[in-house]
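Breakdown of the fold
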Amino acid sequence: MGNRIDVNIAGYALTVRTDRSEEHMARLAETLNGRVREIQKQGGTANYLNVIMLAAMELADEVLTFDERFREIREQVEALRREREDLKSRLDRKSRDLLATLDEALK
């Protein structure tokens, strides 16, 4: 892994080794910190580690939800691709049949 990047997660300094850019890591940290702030506003837990874990779980849930939706969309695209190929084949057959019929009619 490449770069050592310092980020701050919920007030804790963390050094990360990554191939990602510093800007990307800053965006990740800000996303997690934003979620931590949202959970803190809601109250309900005084333990800071629990707040961070809840924020991470919410973000992980979003990732899984997006992953499932992406998989569904990919399956739909594949089904549409197969349907398009089937329609193209049917159109080609019909075109050949029509040309053969016209050819016969012109003889």
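Throughout what follows, the structure given in this document is the object of discussion. (Residues numbered from 1 in each chain as written. Predicted model: local features only at pLDDT ≥ 70, side-chain atom pairs only at ≥ 80, totals over all residues. Heavy atoms only, no water.)

1. Let's talk about helix H2 (residues 48-106)
If you check H2, its first and last C-alpha atoms are 86 Å apart, about what 59 residues at 1.5 Å a residue would give, namely 87 Å. When we look at burial in H2, the residues that qualify are Val51, Ile52, Ala55 and Leu59. Those residues of H2 that are buried are in contact with strand E2 (12-18) and helix H1 (22-42). Its side-chain oxygen placed 2.9 Å from the backbone nitrogen of Leu49, Asn47 serves as the N-cap of H2. (Helix = DSSP H or I, 4+ residues; strand = E, 2+ residues; numbered from the N terminus. Expected span 1.5 Å × (residues − 1). Buried < 20%, exposed > 50% of the residue type's maximum accessible area, 1.4 Å probe, protein only. Contact = heavy atoms within 4.5 Å. Polar contact = N/O pair within 3.5 Å; in protein donor to acceptor, adjacent residues only side chain to side chain.)

2. Examining the nonpolar core
The biggest cluster of nonpolar side chains holds 14 residues, and the ones touching the most others in it are Val7, Ile9, Ala10, Met25, Leu32, Val36 and Ala55. Secondary-structure elements contributing two or more residues to this core are strand E1 (3-9), H1 and H2. If you tally residues by element for this core, the top one is H1, at 5 residues. With residues near it in sequence (within four places) discarded, Met25 still touches Ile5, Val7, Val16, Thr18 and Arg20. (Core = buried A, V, L, I, M, F, W, Y, C linked by side-chain atoms within 4.5 Å.)

3. Focus on the packing of aromatic side chains
Centre-to-centre distance and the angle between the planes together describe a pair of aromatic rings. The tally for this structure, following the rule as stated, stands at 1 aromatic pair. Ring geometry for Tyr12 versus Tyr48: centroids 6.3 Å apart, planes at 40 degrees, classification tilted. One end of the pair, Tyr12, is in strand E2; the other, Tyr48, is in helix H2, with 36 residues separating them in the sequence. Given a relative accessible area of 30%, Tyr48 falls into the partly exposed group. (Phe/Tyr/Trp six-rings, centres within 6.5 Å; stacked < 30°, edge-to-face > 60°.)

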